[in-house]
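An overview of the molecular structure
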Amino acid sequence: MERRGATKTVLILTIITLTCLTAFKSKDKSTISEGLKGAKNKKELSGVVYNALKRHDFNLMQAFIPGTDEVELINKKVSYQHKNNESIKAELQKSFHHIIESGIDKNINWSLVELVDQQIEDGNEISLIRLELEDHRGHKLTVNIKLIEIEDRWYITELV
């Protein structure tokens, strides 16, 4: 009789645990997908680019690159046309690696680079953020980020 009660208790606890885990996992997925599509503001986007450069990890910027839907909206909003999200991503990746190489050519220690200044210039269609980076030895590099706001989220359109 005790064994049957223990089995029933274990079964009930297992069902409760699985229910809680499923609810948590579902909630977590929706929060992540909402939180990763574009940046909530320009400062957040500049921090993403800074961290990606510091870590040499282009993938950290993936969620801040316009997708197919955003490119369609960009093409309606700005005076020039982007071909598609894949061409934007390819150009950004090329520019990202060029910036990393430029820093290496200037003897910048990327792991110790700090963001010493950022300037934001608002444009009619495209905004610009200028990041001033410096490592512990005083080696400096300027990075320009062109970005656009689509439906209250900010996306990278170009790195220079």
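Described in the following lines is the structure provided in the data block. Predicted, not measured: the structure shown is a model, and the values here were computed from it.

Counting buried positions over the seven residues of strand β4 (residues 153–159) gives five, a clear majority of the element. Where strand β3 (residues 140–150) hands over to β4, the hairpin turn is made up of two residues, of which Glu-151 adopts a positive phi near 50°.

With 21 residues, helix α4 (residues 85–105) extends 30 Å from end C-alpha to end C-alpha; this agrees with the ideal 30 Å at 1.5 Å per step. Here α4 has its buried residues at Asn-85, Ile-88, Leu-92, Ser-95, Phe-96, Ile-99, Ile-100 and Gly-103. With its buried residues spanning 140° around the axis, α4 presents them on a single face. Seen from the buried face of α4, the exposed residues on the opposite side, beyond 90 degrees, are Glu-86, Lys-94, His-98 and Asp-105. Where the residues of α4 are buried, they touch α2 (42–55), α3 (68–77), β3 and β4. At the N-terminal end of α4, a side-chain oxygen is found 3.0 Å from the backbone nitrogen of Glu-86, two or three residues along, and the residue is Asn-84. With its phi angle positive at about 60°, Asn-107 sits one or two positions after the end of α4.

With that settled, consider the sheet that holds strand β2 (residues 127–134). Strand order across the open sheet formed by four strands is β1-β2-β3-β4, with antiparallel pairing between neighbours. Where the open sheet ends on each side, the last strands, each with one partner, are β1 (114–121) and β4. Averaged over all adjacent pairs, the angle separating strand axes in this sheet is 30°, with direction ignored. Inspection of the sheet shows β2 paired to β3 by eight bridges, in the antiparallel sense.

Over its 14 residues, α2 runs 20 Å from end to end, which matches the ideal 20 Å to within 8%, given 1.5 Å per residue. Within α2, the full set of buried residues consists of Lys-42, Leu-45, Ser-46, Val-48, Val-49, Tyr-50, Ala-52 and Leu-53. Along its buried surface, α2 packs onto α4, β1, β2, β3 and β4. His-56 lies just past α2 and shows a positive phi near 55°.

Rules of the game
- Residues numbered from 1 in each chain as written.
- Predicted model: local features only at pLDDT ≥ 70, side-chain atom pairs only at ≥ 80, totals over all residues.
- Heavy atoms only, no water.
- Buried < 20%, exposed > 50% of the residue type's maximum accessible area, 1.4 Å probe, protein only.
- Helix = DSSP H or I, 4+ residues; strand = E, 2+ residues; numbered from the N terminus.
- Pairing = 2+ DSSP bridges.
- Expected span 1.5 Å × (residues − 1).
- Arc of directions from axis to C-beta.
- Contact = heavy atoms within 4.5 Å.
- Polar contact = N/O pair within 3.5 Å; in protein donor to acceptor, adjacent residues only side chain to side chain.
- Axes fitted to C-alpha atoms, helices over the stretch in contact; angles between N-to-C directions.

Taken by themselves, the reported measurements are silent on function.
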